[in-house]
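Survey of secondary and tertiary structure
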Amino acid sequence: MIVRFCAAAFVSVLTISAAQAQVRTPSRLPDPRIEFVRQCAPRMIGRWEHPEEVCGCLHDHAAAAVEDRDLREALLRGISETGVPTIETDWVPASKQSEIGPTFTKIAKPTLQCMFDPAKS
């Protein structure tokens, strides 16, 4: 009787362990904003008192003003790699390279706001 009880308990434990092994938590993809701030902030240290705030503001306000995905990604890349809003022509398709200048005009005000007073953005 005790042997049967132990065997049943052992089988139950194995079944529960197997079920738990099959339930996996989905892998969490990094938040694009957090990843941008992580890459951007080291470039802003020494220039700004609160580099994370400046980077977050640039992401949320300046880059968000750019509707075109290719231009926005190029802008975010430029900021995170250099610490200043920049877009290299080879980062965008040739058909959109003429839009780089107007993009900077569009982001000028939010960029200055982020850099000099990110708390008000």
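Residues numbered from 1 in each chain as written. Predicted model: local features only at pLDDT ≥ 70, side-chain atom pairs only at ≥ 80, totals over all residues. Heavy atoms only, no water.

Some remarks on the side chain of Thr 111
We count it as follows: Counting from the N terminus, the helices are the DSSP runs of H or I reaching at least four residues and the strands are the DSSP runs of E reaching at least two. Burial classification: accessible surface area is computed with a 1.4 Å probe over protein chains only, and a residue below 20% of its type maximum counts as buried, one above 50% as exposed, and the rest as partly exposed. Polar contact is the term for a pair of N or O atoms within 3.5 Å; when the atoms are in protein, one must be able to donate a hydrogen and the other to accept it, and sequence-neighboring residues count only if both atoms are side-chain atoms. In this description, contact between two residues means that some pair of their heavy atoms is separated by no more than 4.5 Å.
With respect to the helices and strands, the residue Thr 111 is situated in helix H5 (residues 100-116). Take Thr 111: its relative accessible area is 8%, and that puts it in the buried class. In terms of polar contacts, Thr 111 uses its side chain to reach the backbone carbonyl oxygen of Ile 107, at 2.7 Å. Contact partners of Thr 111, with chain neighbours within four places excluded, come to Leu 58, Ala 62 and Pro 85.

A closer look at helix H3 (residues 51-62)
Threshold: In this analysis, the expected span of each helix is defined as 1.5 Å times one less than the number of residues it contains.
Between its first and last C-alpha, H3 extends 15 Å over 12 residues, near the 16 Å set by a 1.5 Å rise per residue. When we look at burial in H3, the residues that qualify are Pro 51, Val 54, Cys 55, Gly 56, Cys 57, Leu 58, His 59 and Ala 62. The inward-facing, buried residues of H3 abut helix H2 (32-44), helix H4 (69-82) and H5.

Points about the environment of Leu 75
Residue position: Leu 75 is located in helix H4. Take Leu 75: its relative accessible area is 0%, and that puts it in the buried class. For the pair formed by Leu 75 and Glu 88, sequence separation is 13 residues and the distance between their alpha carbons is 8.6 Å. With near-sequence residues (within four places) excluded, Leu 75 lies in contact with Ala 62, Ala 63, Val 66, Pro 85, Thr 86, Ile 87, Phe 104 and Ile 107.

Some remarks on the state of the cysteines
Just so we agree on the cut-off: Whenever a pair of cysteine sulfur atoms sits within 2.5 Å, that pair is classed as a disulfide.
Counted by the stated rule, this structure contains 2 disulfides. The partner cysteine of Cys 40 in its disulfide is Cys 55, sulfur to sulfur 2.0 Å. With the S-S dihedral at roughly -80 degrees, the linkage between Cys 40 and Cys 55 falls on the left-handed side. Pair noted here: Cys 40 is in helix H2 and Cys 55 is in helix H3, with a separation of 15 residues, a long-range link. One exposure class covers both Cys 40 and Cys 55, and it is buried. Numbered in order of appearance, the disulfide-bonded cysteines of the chain are paired 1-2, 3-4.

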